[in-house]
Amino acid sequence: MKKNIQYICFIAVLILSSSAVNLSAQGKVKFGHLDYEAMLLSMPGVDTAQNQINQLRAELEAEATQMQNEFQTKYEDFNRKQATYSQAVAQVKQQELETMYTRIQTFSETAQNTLLTKQSELLAPIQKRLKDAITEIGKENHYTYIFDTASLSFYADSEDITAQLKLKLGIQ
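Chains are numbered independently. Their residues run from 1 in the order of the written sequence. In keeping with the model being predicted, local features are shown solely for residues with a pLDDT of at least 70 and side-chain atom pairs are shown and tallied solely at 80 or more, while totals for entire chains, interfaces and linings include all residues. With hydrogens and water excluded, all non-hydrogen atoms of the structure serve as input to the side-chain values.

Colleague: Help me out: how do you make sense of helix 3 (residues 46-81) in this one?
Modeller: Every α-helix winds through 3.6 residues per turn, so residues three or four apart in the chain are directed the same way. Secondary structure follows DSSP: runs of H or I at least 4 residues long count as helices, runs of E at least 2 residues long count as strands, and numbering of each begins at the N terminus. In this analysis, the expected span of each helix is defined as 1.5 Å times one less than the number of residues it contains. Between its terminal C-alpha atoms helix 3 stretches 52 Å, which fits the 52 Å expected from 36 residues at 1.5 Å a residue. Partly exposed describes any residue whose relative accessible area lies between the buried limit of under 20% and the exposed limit of over 50%, with all areas from a 1.4 Å probe on protein chains only and scaled to the type maximum. Looking only at helix 3, the buried set comprises Val46, Ala49, Ile53, Leu56, Leu60, Met67, Phe71 and Phe78. Structurally, helix 3 contributes buried residues whose contacts are with helix 2 (36-41) and helix 4 (87-140). Contact between two residues is taken to exist if any of their heavy atoms lie within 4.5 Å; hydrogens are not considered.

Structure follows, in structure tokens:
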């Protein structure tokens, strides 16, 4: 089984390298690169989206802080008065604290999901617009690959497409 996997990997490498050599021999390999994150941050609408996300984050954090403060107050009150409670009352108070704690955890998870959903909802159209522009530039200029420089350590013999993207997207 292991030899089959190694054989398949070897064949795949041979095919890919022969394709690259073939393309290179024909002079058709052309690489482009950009800093995707910087480009995304420079796009119109990102600031507005980020402000909305930050506002939602602040609202959720305020609610979480209020819940935590309420829990802390009740917990401290329970610790101060615990010796005076009967066993039944102490159990009820402990259950209340556990319920509050569970509610805080649930709220935290829900808030995080809400924030991620909102971020995706607001940024998805902007990201699609950028991706579509990258694809158009790639096709128009016959690039074989366009790479994000954030994931590359070295990129010689590659054209920076940032200026082309800014022009296509109308970014100053």
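Colleague: Explanation requested: the nonpolar core in the structure shown.
Modeller: Nonpolar side chains in soluble globular proteins tend to end up buried together. One finds Met39, Met43, Leu130, Ile161, Leu165 and Leu169 to be the most contacted residues of the largest nonpolar core, which totals 23 residues. Contributing elements (two or more residues each) for this core: helix 2, helix 3, helix 4 and helix 5 (162-169). A per-element tally of this core places helix 4 first, with 9 residues. Setting aside its immediate chain neighbours within four residues, Met43 contacts Ile126, Arg129, Leu130, Leu169 and Ile171. Put simply, a nonpolar core is a bunch of buried Ala, Val, Leu, Ile, Met, Phe, Trp, Tyr and Cys residues held in one set by side-chain atoms that sit within 4.5 Å of each other. Within the second largest apolar cluster, 8 residues are counted, among which are Phe71, Ala90, Leu97 and Ile104.

Colleague: Which parts of the structure should I look at to understand the sheet that holds strand 1 (residues 31-34)?
Modeller: To summarise the sheet geometry, strands pair through backbone hydrogen bonds and adopt either a parallel or an antiparallel arrangement. The rule for pairing is simple: two strands pair if DSSP sees at least two bridges between them. Pairing is parallel across the open sheet formed by 3 strands, whose spatial order is 2-1-3. Each edge of the open sheet carries a strand with a single partner, namely strand 2 (145-148) and strand 3 (158-160). This sheet shows a mean twist of 30° between the axes of neighbouring strands, independent of strand direction. For every element, the axis is a line fit to its C-alpha atoms; helices are fit only across the contacting stretch, and the angle between N-to-C directions ranges from 0 to 180 degrees.

Colleague: Would you explain the confidence of the model for the chain in this entry?
Modeller: Reading fine detail from the predicted coordinates is not recommended where pLDDT is low. Confidence scores here are pLDDT values: one per residue, from the predictor, ranging 0 to 100. On average, the chain scores 86 in pLDDT, and the residues at 70 or more come to 84%. Across residues 1-14, confidence stays below pLDDT 50; counting only partners more than four residues off in sequence or on other chains, it has 0 contacts.

Colleague: Please clarify how the layout of surface pockets should be interpreted in this entry.
Modeller: One way to see where empty space is left: roll a probe the size of a water molecule over the atoms. Cavities and pockets are found on a 1 Å grid laid over the protein atoms alone: a cavity is a set of points where a 1.4 Å probe fits but cannot escape, a pocket is an open set with protein on both sides within 12 Å along at least five of seven lines, and a lining residue has an atom within 4 Å of such a point. Grid points are joined across faces, edges and corners, and a volume is the space filled by probe spheres set on the points. In this structure, the largest pocket spans a volume of roughly 170 Å³. Every residue lining the largest pocket is listed: Arg57, Leu60, Glu61, Ala64, Gln68, Ile104, Phe107, Ser108, Ala111, Gln112 and Leu115. Broken down by secondary-structure element, the contributors of at least two residues to the lining of the largest pocket are helix 3 and helix 4. Broken down by element, the lining of the largest pocket gets its largest block of residues, 6 residues, from helix 4. Here the lining of the largest pocket is composed, by residue class, of 6 nonpolar, 3 polar and 2 charged. Think of it as three bins: nonpolar holds Ala, Val, Leu, Ile, Met, Phe, Trp, Tyr, Cys and Pro, charged holds Asp, Glu, Lys and Arg, and polar takes everything else, Gly as well.

Colleague: I tried to follow helix 4 on my own but got confused; where do I start?
Modeller: Counted at 1.5 Å a residue, the expected span for helix 4 with its 54 residues is 80 Å, and the 77 Å between its end C-alpha atoms agrees. Trailing helix 4 by a residue or two, His142 shows a phi angle of about 60°, which is positive.

Colleague: How should the pattern of salt bridges be read in this particular structure?
Modeller: Side-chain pairs of opposite charge can arise where the charged atoms are in close proximity. Any Lys or Arg side-chain nitrogen found within 4 Å of a carboxyl oxygen on Asp or Glu counts as a salt bridge. Counted according to the given criterion, the structure contains 6 salt bridges. Between Glu136 and Lys168 there is a salt bridge; the shortest N-O distance is 3.2 Å. Placement of the pair is Glu136 in helix 4 and Lys168 in helix 5, with a sequence separation of 32 residues. Classification of Glu136 by relative accessible area gives partly exposed; the value is 38%. Close ionic contact of Glu140 with Lys168 constitutes a salt bridge, the shortest N to O distance being 3.2 Å. Separated by 28 residues along the polypeptide, Glu140 in helix 4 and Lys168 in helix 5 bring together distant segments of the chain.

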